[in-house]
Amino acid sequence: MQIQLTQLAHARSGDKGDTANVGLIALKDDYYPLLVREVTAERVKKHFTGICKGSVERFELSNLFALNFLLHESLGGGGTLSLMTDAQGKTFSTALLRMKIDLSDDEARTLGLD
Amino acid sequence: MKEKIRVAGGQGFWGDMLDAPVRQVEGGPIDYLMLDYLAEVTMSIMQKQRARDPLAGYARDFVPLMKQILPQCVARNIRVTANAGGVNVEGCANAVREAAGELGLSGKFKIGIVTGDDIMPRVDELLARGIELRNMDSGAPLSTVRDRIQSANVYLGAWPMVAALNQGAQIVITGRATDTGLTLAPLIHEFGWSETDWDKLSSGTIAGHIIECGAQSSGGNCQYDWRNIPDLANVGFPIAEAYADGTFVITKHERTGGRVNVPGIKEQLLYEMGDPHEYITPDCVADFTTIQLEDAGPDRVRVYGIVGLPATEFLKVSISYSAGYKAVGTLVYSWPDAYEKAQAADKILRSRLERLGLHFDQILTEYVGVSATHGPLAGAPSPDLAEVQLRVGVRGNDKGTVERFTKEIAPLILTGPPGVTGFAGGRPKVEEIVAYWPALMPKTEITPRVEVSDA
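Everything quoted here is computed from the prediction, not taken from an experiment.

Chemist: A description of the overall build of chain B should follow, citing residues and the corresponding values.
Modeler: Counting its regular elements, chain B contains 12 helices and 19 strands. Computed over its C-alpha atoms, the radius of gyration of chain B comes to 25 Å, within 12% of the 23 Å expected for a compact globule of 455 residues. By its C-alpha atoms, chain B is 75 × 55 × 45 Å across when sized along the principal axes. Expressed as a percentage of its 455 residues, the buried residues of chain B come to 49%. Put simply, of all contacts in chain B between residues at least 6 apart along the chain, 76% involve residues at least 24 apart.

Rendered as structure tokens:
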């Protein structure tokens, strides 16, 4: 089955120059391994096609059951140079939550997601 | 030594809720009030203000605020750390001194100032000696924008503020100082932490990171169960209740709105995060992967277990430079076919700009209501959208070209697709772009100055 990240995580995003950061936090600690497995840097780069022009880095914060993503070259130059409505990348958090990931029916049942 | 110290966050940025610091002082017990006023390009604005008026160049809001809270601060021995001094720290201190005089508080407390962050007069000398001040993001040497620099300041850390507090300053005013240092300095001063106690310095730094964005750690801009965050109208700003062992509790005053809980603190910890293993400040390198959080009762989150690493040999430099001009124009198109009409208008506009021979470094069209925030991820819009805002921005080096663009928006009302409105604001304004240039320089080049004197 497929499930949208809105069901599994919450997030906050911000900027550093032309890089947007997205912190993705498991809604329940049990969901974290699923996020680690499915929400890879490659998946995120593909998800943000047309938005993120550079590379995507991922960092694991298992202490917080969270992942941090850096999306380089995503903010139209960043800071005051950017012409974008969201020059600070504040809505990249919810944009990431649109992602849908795969999990088996068994796994969904174990996590109480069925 | 006190068992615990309560540091209250009063401002998330210059322009945050004006009464928040007052409510932090009046709402309950605190020992320190920290106020962060400096965003990345704020210094250049202050530099311009000072060029027009030698008495200006600092966060003006700070003075009336101090006038309002000084009597309580003095009576209750609440100390203030603020990077309100901008490019005129002395001027700011003098204005506070004047306010103290009007309140009859002259000589009743001490003001400390921290300077030495301004390297603007030294830029050529530094470049000549091979300190290139390369852009940390692009790698370009500063010489490429040398003639357009408007301000250049290093970020000073906590220690100069500690020196001011040690000399009895009740109000510490700095120029460019890290926002985390504004919280860390009081903890070092009170608990006597050493310069190499990296774990504790990192703990104080992370406490600072959590409270430096104001209510963003106490229920503001929080996704987790946002509907049920109580009474944001009366939101309480965050307070770090810190202990000598480096642990701390994030909380807020009783009888305030908002919410402090573990998910909300997690959100704030990840805000503007780079590599979580290396949160670099002048004072230490904090490792965010060591942070432990624990629910410690209603609106209380305990933070512990933090491990830090030694500070680096460098200071970050914040340089601002003039980078051309920009303008953004908007029009609103209504049902039916709102999106299609907005797209048609954009095509007409671009064709006219082309015919006029106007060229820009960048031209960006967004459709607010369709895809302005989530781009292609938003999917195809409903054909029944009530309205769409067309938003076109341009950027270029020539002011006249950008200005000419601003005169092509309004004509679309009578010369483009129908169902258009939303032009009450007049022509778009041309804005000068002051861009941010982050760089590094060796710490040994900088000598902070600390002066403490009677108010």
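That was the structure; now back to the text.
Chemist: Could you give an account of the pairing of strand E14 (residues 314-334) of chain B, with specific residues and numbers?
Modeler: Residue and element names in this part refer to chain B. The buried fraction of E14 amounts to 15 of the 21 residues, a majority that puts the element mostly inside the structure. Where strand E5 (residues 149-154) and E14 come together, five bridges link them in antiparallel fashion. Residue Ala-152 lies in a different strand from E14, and its bridge partner there is Ile-319. In this structure, E14 lies alongside strand E18 (residues 431-442), joined through 11 bridges in antiparallel fashion. Each residue of the ladder has a partner; that of Lys-326, found in E18, is Glu-431. Bridging between E14 and strand E16 (residues 387-396) involves 10 bridges; their strand directions are antiparallel. When the sheet's bridge partners are listed, Lys-326 is paired in E16 with Arg-395. For E14 and strand E17 (residues 420-421), the ladder comprises two bridges, and the chain directions are antiparallel. By the bridge assignment for E17, Tyr-333 is matched with Val-420.

About the criteria used
Residues numbered from 1 in each chain as written. Chains lettered and ligands numbered in written order. Predicted model: local features only at pLDDT ≥ 70, side-chain atom pairs only at ≥ 80, totals over all residues. Helix = DSSP H or I, 4+ residues; strand = E, 2+ residues; numbered from the N terminus. Rg over C-alpha atoms; globule rule 2.2 N^0.38 Å. Buried ≥ 20, exposed ≤ 12 C-beta atoms within 10 Å, placed from the backbone. Contact = placed C-beta atoms within 7 Å. Pairing = 2+ DSSP bridges.

Interpretation note: all reported values are geometric properties and have no functional meaning in isolation.
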